Amino acid sequence: MSFERIFDESALFRLCFVCTGNICRSPMAEVVFTDLIKRSGLEGRIAVMSAGTGDWHVGERSDDRTLGALAGRGYDGAQHRAKQFNPDWFAELDLVVVFDHSQERILKAWASNDHDRSKVQLLLSFDKDQSSQLDVPDPYYSDAAFFDQVLASIEHASSALFHQIKPGIQGVK
């Protein structure tokens, strides 16, 4: 998949959520964050996507439990297809948001310089209420109820992140 087809080049801020397989946590965050962008009227100003560190699920839909958790909260994740993060994307991204220390280590290893490494941040580090946890647990080997819990955590942290980005985007004409 070409990066140019993923992002609107005119967007003022570009971010990518990255989990392990791009079928659970990162698609949840992408859908939640896209909803925050739409509700605030900032479409076209903030571009968001998601990817995984691994290639196991490339081309697949999100896990059914992910889709169920999203639908239960009024989101539609049906259009998502998993992709693997490409280190060439660092040049076009302002922020790469990961869900646990494993992904943080992998992405920082893939970055070719300190500037790109500094773009890699843990999602929960943006949320003062959850920052002591740092890792969003992977729900893949759990039940649908745990997917709901993980989504709630992602919603809260995504909102905190969005409210940190929003003032800078709104102020730019």
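See the structure printed just above.
Cut-offs and rules
Residues numbered from 1 in each chain as written. Predicted model: local features only at pLDDT ≥ 70, side-chain atom pairs only at ≥ 80, totals over all residues. Heavy atoms only, no water. Helix = DSSP H or I, 4+ residues; strand = E, 2+ residues; numbered from the N terminus. Contact = heavy atoms within 4.5 Å. Axes fitted to C-alpha atoms, helices over the stretch in contact; angles between N-to-C directions. Parallel < 35°, antiparallel > 145°, perpendicular 65-115°, else oblique. Left-handed = near helix turned anticlockwise from the far one by under 90°. Nonpolar A, V, L, I, M, F, W, Y, C, P; charged D, E, K, R; others polar. Buried < 20%, exposed > 50% of the residue type's maximum accessible area, 1.4 Å probe, protein only. Pairing = 2+ DSSP bridges. Right-handed = clockwise from strand over helix to strand, strands pointing away. Phe/Tyr/Trp six-rings, centres within 6.5 Å; stacked < 30°, edge-to-face > 60°. Lys NZ or Arg CZ within 6 Å of the ring centre and 35° of its normal.

(A) Spotlight on the side chain of S50. You can see S50 is positioned in strand β2 (residues 46–52). With residues near it in sequence (within four places) discarded, S50 still touches C16, F17, N22, S26, P27, E30, H80 and K83.

(B) Representation of the packing of helix α1 (residues 25–40) against helix α5 (residues 144–170) in the model. Relative to each other, α1 and α5 sit at 45 degrees, their axes nearing to 9 Å. If you check the angle between α1 and α5, you find them oblique. Crossing geometry of α1 relative to α5 is assigned as right-handed. Residues R25, M28, A29, V32, F33, L36, I37 and S40 of α1 form the contact with α5, whose own contacting residues are F147, V150, L151, I154, E155, S158, S159, L161, F162, I165 and K166. Within the contact of α1 with α5, the residues separate by chemical class into 13 nonpolar, three polar and three charged.

(C) Structural detail: the pairing of strand β1 (residues 13–19). With respect to burial, β1 is a largely interior element, seven of its seven residues being buried. Along β1, one buried face is formed by F13, L15, F17 and C19 and the opposite face, lined by R14, C16 and V18, is buried too. As paired elements, β1 and β2 share seven bridges and run parallel to each other. Looking at the pairing, L15 lines up with V48 of β2. Note that the unit made of β1, α1 and β2 has a crossover that is right-handed. In this structure, β1 lies alongside strand β3 (residues 95–98), joined through four bridges in parallel fashion. Along β3, the bridge assignment pairs L15 with L95.

(D) Structural detail: the packing of aromatic side chains. Here the structure, examined in full by the defined rule, presents seven aromatic pairs. The interplanar angle of 80 degrees and the centroid separation of 5.6 Å between the aromatic rings of F33 and F162 together place this pair among those described as edge-to-face. Here F33 is found in helix α1, whereas its partner F162 is found in helix α5, with 129 residues between them in sequence. Both residues of the pair, F33 and F162, belong to the buried class. For the ring pair F85 and F90, a centre distance of 5.2 Å and an interplane angle of 65 degrees mean the geometry is edge-to-face. Residue placement shows R65 over the ring face of Y140; its charged tip is 5.6 Å from the ring centre.

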